[in-house]
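# Tertiary structure, described
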Amino acid sequence: MSKVHNFNAGPAVLPQAVLAQAQAELLDYQGRGMSILEMSHRSKEYEAVNAQAEARMKALLGLGEGYRALFLQGGASFQFAMIPLNFLPPGAVADYIVTGAWGEKAVEEARRIGEANVAASTAEGGFRSTPAAAEIQLSPGAAYIHLTTNETIQGVQWAEMPDLGDTPLIADMSSDIMSRPFDAGRFAMIYAGAQKNIGPAGVTVVVIREDLIARGRNDLPAIMRYSTFAKNSSLYNTPPAFSVYLLNLVLGWITDLGGLPAMEARNRRKAELVYGAIDGSGGFYRGHAAPEARSQMNVTFRLPEEALEKQFVAEAQAAGMVGLGGHRSVGGIRASIYNALEEESCAALASFMGEFLRANG
Ligand SMILES: *Cc1c(COP(=O)(O)O)cnc(C)c1O
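Thresholds, definitions, all that
Residues numbered from 1 in each chain as written. Predicted model: local features only at pLDDT ≥ 70, side-chain atom pairs only at ≥ 80, totals over all residues. Heavy atoms only, no water. Helix = DSSP H or I, 4+ residues; strand = E, 2+ residues; numbered from the N terminus. Rg over C-alpha atoms; globule rule 2.2 N^0.38 Å. Buried < 20%, exposed > 50% of the residue type's maximum accessible area, 1.4 Å probe, protein only. Contact = heavy atoms within 4.5 Å. Areas by Shrake-Rupley, 256 points an atom, 1.4 Å probe, with all protein chains shown as cover. Axes fitted to C-alpha atoms, helices over the stretch in contact; angles between N-to-C directions. Parallel < 35°, antiparallel > 145°, perpendicular 65-115°, else oblique. Left-handed = near helix turned anticlockwise from the far one by under 90°. Phe/Tyr/Trp six-rings, centres within 6.5 Å; stacked < 30°, edge-to-face > 60°. Pairing = 2+ DSSP bridges. Expected span 1.5 Å × (residues − 1). Arc of directions from axis to C-beta. Near = heavy atom within 4 Å. Polar contact = N/O pair within 3.5 Å; in protein donor to acceptor, adjacent residues only side chain to side chain. Nonpolar A, V, L, I, M, F, W, Y, C, P; charged D, E, K, R; others polar.

## With respect to the overall build of the protein chain
Secondary structure summary: the protein chain contains 10 helices and 14 strands in total. Taking 2.2 N^0.38 as the reference for a compact globule, 361 residues should give roughly 21 Å; the C-alpha atoms of the protein chain span a radius of gyration of 21 Å, in line with that estimate. Taken along the three principal axes of its C-alpha coordinates, the protein chain extends 60 × 60 × 30 Å. Counting every position in the protein chain, which comprises 361 residues, the buried fraction comes to 55%. When contacts within the protein chain are restricted to residue pairs at least 6 apart in sequence, those whose partners lie at least 24 apart make up 66%. As displayed, the protein chain has an accessible area near 15200 Å², and 50% of this comes from carbon and sulfur atoms.

What follows is the structure, encoded as structure tokens:
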């Protein structure tokens, strides 16, 4: 079997141990003579998976009573609509802090539903940074504040979570959830498509404070209300059972490695290898993000010419490194180095970058 260094942006690399366990359990789950794919979501086996996944989500984030972890479908993109549907009634305004392409999509979708104010945007600078506190213009009495902790396409991440007062704070953490410790108790809601940092495609995790759930509109169709999923512990209708099963295994893997502090140490070492190759290149590789807003998850950079970028991606692929082309909207190179990527993959990339520079610089 040949194994590649997987820098895909999402769906992305999964822990090898998790894939091996899923393979070992696939045909006969816990002696039941069938796979978990073939079982009722009301079975005691699946209910145990669902309950353990919720407990692990909350434990890893240091959250207890007062919060729920829900497993939904429709991707993080569905949350762009579900959040304003639930929490942005007529007459209210929500604040959006926009630091990249995903934040822009979130605010566009909110504007189809209600009044969304862009409290700060770094679009003018080409989405290279996060705004300073003084640049954020919050609306008095806003229903909520929305931000994106890591902009996957531009490779821009908040170095520290901003302090924005008592307004319910909602964060899209699709591409950096569980990558570092932070004070999750300051957020009213955190959501993430699982397919970047914590699992496969098909499940979206929503961690939400119970008082926010209670504030949701109750004149919406049941399938669009957070309260419906909270009341039924994510089992209102058939969940994406296999995705939740894999998510639960990934959360177990993170827990066993030492939780978020261990992830942060691991991720920092990996990011330093790749940024080190950029910074040591004498300007051949140019990082997109301002150094203080560099993402520890998606390393974005340019080469002197587009033709060289194409050559870089092709030669890297030939050397066993896949997924390095930048997003189609921005070009350049993007190395996604999520939780499950091993340090040796970043070492291989850094070393390839050095060789490519010597041959073409
Ligand atoms: C990938 C991504 C999304 C979109 O996720 P889907 O699950 O494809 O809808 C939203 N926000 C961020 C930050 C992402 O990285």
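## Digging into the packing of helix α9 (residues 306-318) against helix α10 (residues 343-360)
Where α9 meets α10, the closest approach of the two axes is 11 Å, and the angle between their N-to-C directions is 130°. In terms of their interaxial angle, α9 and α10 are classed as oblique. For the element pair α9 and α10, the recorded crossing hand is right-handed. Packed against α9, whose contacting residues are Leu308, Gln311, Phe312, Glu315 and Ala316, the element α10 presents Leu349, Phe352, Met353, Phe356 and Asn360 at the interface.

## Focus: the packing of aromatic side chains
Considering all chains together, one arrives at 16 aromatic pairs under this definition. Residues Phe182 and Phe187 carry aromatic rings whose centres are separated by 5.8 Å and whose planes lie at 85° to one another, so their mutual orientation is edge-to-face. Summarising the burial analysis for this pair, Phe182 and Phe187 share the class buried. Grouped by ring-pair contacts, the aromatic residues Phe284, Tyr285, Phe301, Phe312, Phe352 and Phe356 constitute a single cluster.

## Some words on the pairing of strand β8 (residues 169-172)
Of the two faces of β8, the one holding Leu169 and Ala171 and the one holding Ile170 and Asp172 are both buried throughout. Inspection of the sheet shows β8 paired to strand β9 (residues 189-193) by 3 bridges, in the parallel sense. Paired with Ala171 across the strands is Ile190, a residue of β9.

## Brief notes about α9
Here α9 is 13 residues long and its end C-alpha atoms lie 19 Å apart, about the 18 Å a rise of 1.5 Å per residue gives. Burial in α9 covers these residues: Leu308, Glu309, Phe312 and Ala316. Buried residues of α9, seen end-on, are gathered within an arc of 105° and therefore sit on one face of the element. Of the exposed residues in α9, the ones pointing more than 90 degrees away from its buried face are Glu306, Ala307, Lys310 and Ala318. Elements in contact with the buried residues of α9: β12 (298-302), β13 (321-322), β14 (333-336) and α10. Positive backbone phi, at 90°, marks Gly320, one or two positions downstream of α9.

## Re the site of the ligand
The local shell around the ligand holds 13 residues, among which Ser77, Thr152, Asp172, Gln195 and Lys196 are the closest. Here Gln195 contributes a side-chain N or O atom positioned 2.9 Å from an oxygen atom of the ligand. Separating an oxygen atom of the ligand from a side-chain N or O atom of Lys196 is a distance of 2.7 Å. Contact with the protein chains hides 87% of the accessible area of the ligand, taken as 390 Å² for the molecule alone. Ranked by residues supplied to the shell around the ligand, first place goes to helix α3 (residues 75-87) with 4 residues. Split into classes, the residues belonging to the shell around the ligand amount to 3 nonpolar, 8 polar and 2 charged.

Read these as geometric descriptors, not functional statements.
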